[in-house]
Amino acid sequence: MALQLHRRITKVLQPLCTSSLRFEFAHCLSTNAEPYKGKLTKRVKKSRYITLTSSALTTVFAPMIAAKKFHLSSAWMAVATGAPISLTYLYTGVIYFTTRNYVTEMHMEGPDKIVATKLSLFCRPLKRVIDPKDIIIPVNVGVFESFEANGESFLVDENEIVDKDLFECVAGLRGRKNSLMSESGKPAE
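Residues numbered from 1 in each chain as written. Predicted model: local features only at pLDDT ≥ 70, side-chain atom pairs only at ≥ 80, totals over all residues. Heavy atoms only, no water.

**As for the packing of helix 2 (residues 41-70) against helix 3 (residues 74-99)**
Argument step 1. Where helix 2 meets helix 3, the closest approach of the two axes is 9 Å, and the angle between their N-to-C directions is 175°. The orientation of helix 2 relative to helix 3 falls into the category roughly antiparallel.
Argument step 2. Here the contact of helix 2 with helix 3 is built from residues that sort into 13 nonpolar, 10 polar and 1 charged. (Axes fitted to C-alpha atoms, helices over the stretch in contact; angles between N-to-C directions. Helix = DSSP H or I, 4+ residues; strand = E, 2+ residues; numbered from the N terminus. Parallel < 35°, antiparallel > 145°, perpendicular 65-115°, else oblique. Nonpolar A, V, L, I, M, F, W, Y, C, P; charged D, E, K, R; others polar.)

**Some details on the packing of aromatic side chains**
Argument step 1. One pass over the full model with this rule turns up 1 aromatic pair.
Argument step 2. Measuring from ring centre to ring centre gives 5.2 Å for phenylalanine 147 and phenylalanine 154, while their planes differ by 15°; the resulting arrangement is stacked.
Argument step 3. We note lysine 118 situated over the ring of phenylalanine 154; from NZ or CZ to the ring centre the distance is 4.6 Å. (Phe/Tyr/Trp six-rings, centres within 6.5 Å; stacked < 30°, edge-to-face > 60°. Lys NZ or Arg CZ within 6 Å of the ring centre and 35° of its normal.)

**Overview of the pairing of strand 3 (residues 114-119)**
The two faces of a sheet get side chains in turn, since along a regular strand they alternate between them.
Argument step 1. Burial analysis of strand 3 places 6 of its 6 residues in the buried class, the great majority of the element.
Argument step 2. Here strand 3 shows a buried face lined by Ile114, Ala116 and Lys118 and a second buried face lined by Val115, Thr117 and Leu119.
Argument step 3. Inspection of the sheet shows strand 2 (residues 105-108) paired to strand 3 by 4 bridges, in the antiparallel sense. By the bridge assignment for strand 3, methionine 108 is matched with isoleucine 114.
Argument step 4. Between the antiparallel neighbours strand 2 and strand 3 lie 5 residues, among them glycine 110 with a positive phi of about 85°.
Argument step 5. As judged from the 6 bridges shared by strand 3 and strand 4 (residues 125-130), these two strands associate in the antiparallel manner. Residue alanine 116 lies in a different strand from strand 4, and its bridge partner there is arginine 128.
Argument step 6. Counting the residues in the hairpin turn of strand 3 and strand 4 gives 5 residues, including cysteine 123, whose phi is positive at 65°. (Buried < 20%, exposed > 50% of the residue type's maximum accessible area, 1.4 Å probe, protein only. Pairing = 2+ DSSP bridges.)

**As for the sheet that holds strand 4**
Argument step 1. Taken together, 4 strands build an open sheet; the order of strands is 1-2-3-4 and the sheet is antiparallel. Of all the strands in the sheet, just strand 1 (36-37) and strand 4 have a single pairing partner and so form its edges.

**Some words on helix 3**
Because the α-helix completes a turn every 3.6 residues, residues three or four places apart line up on one side.
Argument step 1. Taking 1.5 Å per residue, 26 residues should reach 38 Å; helix 3 reaches 37 Å between its end C-alpha atoms and fits that length.
Argument step 2. For helix 3, the principal kink sits at glycine 82 and spans about 30°; a proline, proline 84, occurs within the next four residues.
Argument step 3. Among all positions in helix 3, only Thr81, Ile85, Thr88, Tyr91, Thr92, Ile95, Thr98 and Thr99 are buried. (Expected span 1.5 Å × (residues − 1). Bend = angle between axes of the 7 residues up to and from the residue.)

**Quick word on the confidence of the model for the protein**
Argument step 1. On average, residues of the protein score 75 in pLDDT, and 73% of them reach the 70 mark or higher.
Argument step 2. Low pLDDT, under 50, characterises residues 176-189; the stretch is placed with 18 contacts to residues that sit more than four places away or in other chains. (pLDDT = per-residue confidence, 0-100. Contact = heavy atoms within 4.5 Å.)

**Examining the nonpolar core**
Argument step 1. Counting 24 residues, the largest nonpolar core has Met106 and Phe147 as its most contacted members.
Argument step 2. Contributing elements (two or more residues each) for this core: strand 2, strand 3, strand 6 (147-149) and helix 4 (164-170).
Argument step 3. Ranked by the residues each element gives to this core, the list is headed by helix 4, at 4 residues.
Argument step 4. If near-sequence neighbours (up to four positions away) are discounted, methionine 106 is found in contact with Pro35, Tyr36, Ile114, Val115, Ala116, Phe147, Val156, Ile161, Leu166 and Val170. (Core = buried A, V, L, I, M, F, W, Y, C linked by side-chain atoms within 4.5 Å.)

In structure tokens:
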């Protein structure tokens, strides 16, 4: 079961880990105000639904199966059912932790407002309003982040952004707070 989960996680996250910043494509982007739609949104939702469902089912059925099949006392039954229950919640936590920064949709509302939509633990949309001036491109970009804004990390696939203005904002080409620069615009020491 752990190997299957590892394969699923790898399948979902592999396109994210292999993408790199591709600024050379900025010149061929459209200037239409088309929203960014994350291509892994369905996979992220499915993986979260699967882990949440398996956690709930294990919590409900593991004690019943252990009681009928093994005829254990309550102390031993708690030990026998605690392992599978804790593992399913561990898998749910891992899936949530690795996909919590993923942006499912993003668009610009005017020149100084970006609305990014992420998913909550139960796949409810969470909208975040970002000022392009607040976007920080870290010196060492993490595996599960593309940029930071207002103290929160965001993960997008730059190849899927077709709006030129949105791409420039997200890639840090406009209104950039460079983490290598000081406030005066000179390189930080």
